[in-house]
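# Notes for the structure review
Chain by chain, the residues:
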Amino acid sequence: MAVAVGYQDKTDDQKAITEMVRQFVDKEILPTAEEYDHEDKFPEPIVEQMKELGLFGVTIPEEHGGMGLDLTTYAMIVEELSRGWISISGVVNTHFIGSYLLLKFGTDEQKEKYLPKMATGEIRGAFSLSEPEVGSDVQGIKSTAKEVDGGWEINGQKMWVTNGLRAGLVFVLVKTDPKADPPYKGMTCFICEKEPGEAEVPGLTIPPQIKKMGYKGVESTELVFDGFKVSDDHILGGREGVGEGFRQMMDALELGRVNVAARGVGVAQRSLELALRYSQERKTFGKPIAQHQAITFKLAEMGTRVEAARLLTMKAARMKDAGERSDIEAGMAKLFASEAAKENAEDALRIHGGYGYSKEYEIERIYRDAPLLLIGEGTSEIQKMVIGKKLLERHKI
Ligand SMILES: Cc1cc2nc3c(=O)[nH]c(=O)nc-3n(C[C@H](O)[C@H](O)[C@H](O)COP(=O)(O)OP(=O)(O)OC[C@H]3O[C@@H](n4cnc5c(N)ncnc54)[C@H](O)[C@@H]3O)c2cc1C
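Remember, it's a predicted structure, so these values are computed and weren't measured experimentally. (Residues numbered from 1 in each chain as written. Predicted model: local features only at pLDDT ≥ 70, side-chain atom pairs only at ≥ 80, totals over all residues. Heavy atoms only, no water.)

## Remarks on the pairing of strand β4 (residues 169-175)
Rules: Any residue under 20% of the maximum accessible area for its type is buried, any over 50% is exposed, and the rest in between are partly exposed; the area is computed with a 1.4 Å probe on protein chains only. Helical segments are the DSSP runs of H or I of at least four residues, strand segments are the runs of E of at least two, and each set is numbered from the N terminus. Should DSSP find at least two bridges between two strands, the strands are regarded as paired.
Counting buried positions along β4 yields 7 of 7 residues, so the element is predominantly enclosed. Residues of β4 alternate between two faces, with Leu 169, Phe 171, Leu 173 and Lys 175 on one and Val 170, Val 172 and Val 174 on the opposite face, all of them buried. Inspection of the sheet shows strand β1 (residues 125-128) paired to β4 by 4 bridges, in the parallel sense. In the sheet register, Ala 126 faces β4, and the bridge partner there is Val 170. Bridging between β4 and strand β5 (residues 187-193) involves 7 bridges; their strand directions are antiparallel. Across the sheet, Val 172 pairs through a bridge with Phe 190, a residue of β5.

Put into C-alpha cells, the structure is as follows:
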C-alpha cells in the first residue's frame, strides 16, 4: 500500500530514494523479518545488501564516500526501513549517530580515518552512554578513563549497547574528571576501536547479548572495560574534546530523537497497513469488521496518528537541516511518534483478534518491537521533562 500523504512534500530525489528503499523493504525485509525475529538471528544478507545500496553512508558527505544527504531524507529512509522491521533500522541508527559525532566534533584526521569506511559499512558504529545503574540520568555514569603513560585507560561497565558486538567503533562516554562539579564538565567521549564480532579483546569483554522481548536480530550487549587502552587520537575532537563528551552526546541525541521519531512513523504506518487489510478480509456478523463503526473509528485514529507523527518528524528534521533550533520539536516528534507506534501496534493487534496473538501474524512481532521506541534516546517521561523545560525557557515572562 503506497503512502499517499507526505509524498507530495518530497523532492524528486527524495521520492526516488524512498521508493528504492520501499521496494527493497517489500522484497527483502518484510518476507524474512519473522524468521529472523523468531530465531533471534542477525540479518547478515540484508545488511550486506544495505551496504551495496549505500545505506550506511546516507548522511556522510560525498568527499568521504557517502551520499551527503540531509537529515530529512535520512528520516524518510528510516521510516521506510522501520516499516519493514525496526531491527534493520537499528543496525543503521547507532552507526548514523556515530558518523554524526565524527562529522560535527571529530578532528580532520579522525574524519579521514573513519568516515570512508563507515560510508561503505565496512566498519559500523555504536554509541554507549547507558550503564547498569544509569540510563536517563546520564551525568550519573560511573565509567572512567584515567590518563596513563601514552594515553588513557578505560574502566567500567556499559549496558544496552546496540550493535555492541558487531560494531568496529564504539563512541563511549566516560568520566575523565569524576570530581567535576557539575558532573557533565568532567565527561569525555572516546572512540573505541575494536575487532567486529570479537567478544574478548585486551581490556574489553563483551558478554553474550541481552535477551529481549522484541527488537531481535540486532544485538544489545554490555561492554565490560577493564584497563582498555586508547591514545589521545581516540578522544572525540582530540585533546580539546576532553570534558566535552556530555555536550557532544546530548547534541547527537537531539538528532537521535528525530531518528527514533522516524522509526515510530514506520511502525505506526505498518500497523495501519496490516489493520486496513485484515479488517476488510475478516468478517463477523455478516460483514467485514471494517464496516463495524468501532473498527472504522480505530482505523481513523490510527491513520490520524500516522499523519501527525510524520508531520512532526518532518518538521523537526527540516528545522535541524535549516540550522534552526529544534530541541523542542525533536522532543515532541520523538514523544508523539513513539507513542503513536505503540498505540497503533496495539490497535492493530486488537483488530486482528485472536490471530494477532499468534506468531503466524506479523503484528505479533510489531507489538513486541514497538515499546522499545518509548525507551531509547530518552523515555517519554524524559521527553516531557525536556519539552516542558524548553517551552518555559522560550516563553519566560
Ligand atoms: C533494546 C535497547 C537498546 C538500547 N540501546 C542503547 C544504546 O545503543 N546505547 C545506549 O547508551 N543506551 C541504549 N539503551 C538504553 C536506553 O537509552 C535506556 O534504557 C533509557 O535511557 C532509559 O534508561 P533506564 O533503562 O536506565 O531507565 P531509568 O532511567 O532507570 O528510568 C526508569 C523509569 O523512570 C522514569 N524516570 C527516570 N527519571 C525520571 C524523572 N526525572 N522523572 C520522571 N520519570 C523518570 C523513566 O522514564 C522510566 O520510566 C537501549 C535500551 C534498550 C532497551
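Back to the write-up after that little detour.
## Details of a negative patch on the surface
For the record, the criterion: Patch construction takes residues with relative accessible area above 30% that form no salt bridge. Like charges are linked within 9 Å, and nonpolar side chains (Val, Leu, Ile, Met, Phe, Trp, Tyr) are linked within 5 Å. The protein chains shown are the only cover counted for residues, whose accessible areas, like all others here, come from Shrake-Rupley with a 1.4 Å probe. We count a salt bridge whenever a side-chain nitrogen from Lys or Arg sits within 4 Å of a carboxyl oxygen from Asp or Glu. His is not counted here, nor are the chain ends, while Lys and Arg score as positive and Asp and Glu score as negative. To locate a charge, the coordinates of NZ of Lys, CZ of Arg, CG of Asp or CD of Glu are taken.
A surface patch of like charges, here negative, comprises Glu 63, Asp 108, Glu 109, Glu 112 and Asp 233. When you line up the elements, Glu 112 lands in helix α6 (residues 108-120).

## A look at the site of the ligand
Operational definition: We call a residue near a given molecule or strand whenever any one of its heavy atoms falls within 4 Å of it. Distance and chemistry together define a polar contact, namely a pair of N or O atoms within 3.5 Å, with one atom able to donate a hydrogen and the other to accept it when in protein, and with adjacent residues in sequence counting only for side-chain atoms on both sides. Think of it as three bins: nonpolar holds Ala, Val, Leu, Ile, Met, Phe, Trp, Tyr, Cys and Pro, charged holds Asp, Glu, Lys and Arg, and polar takes everything else, Gly as well.
In the region of the ligand, 19 residues are neighbours, and Ser 130, Ser 136, Trp 160, Thr 379 and Glu 381 sit closest. In the model, an oxygen atom of the ligand is placed 3.2 Å from a nitrogen or oxygen of the Gly 135 main chain. Interatomic distance of 2.8 Å between a side-chain N/O atom of Thr 162 and a nitrogen atom of the ligand. Surface burial for the ligand is 64%, taken as the share of its 970 Å² of free accessible area covered by protein chains. At the level of elements, β1, β3 (151-162) and α11 (380-394) are the ones that each hand at least two residues to the shell around the ligand. Of the residues assigned to the shell around the ligand, the class counts are 10 nonpolar, 7 polar and 2 charged.

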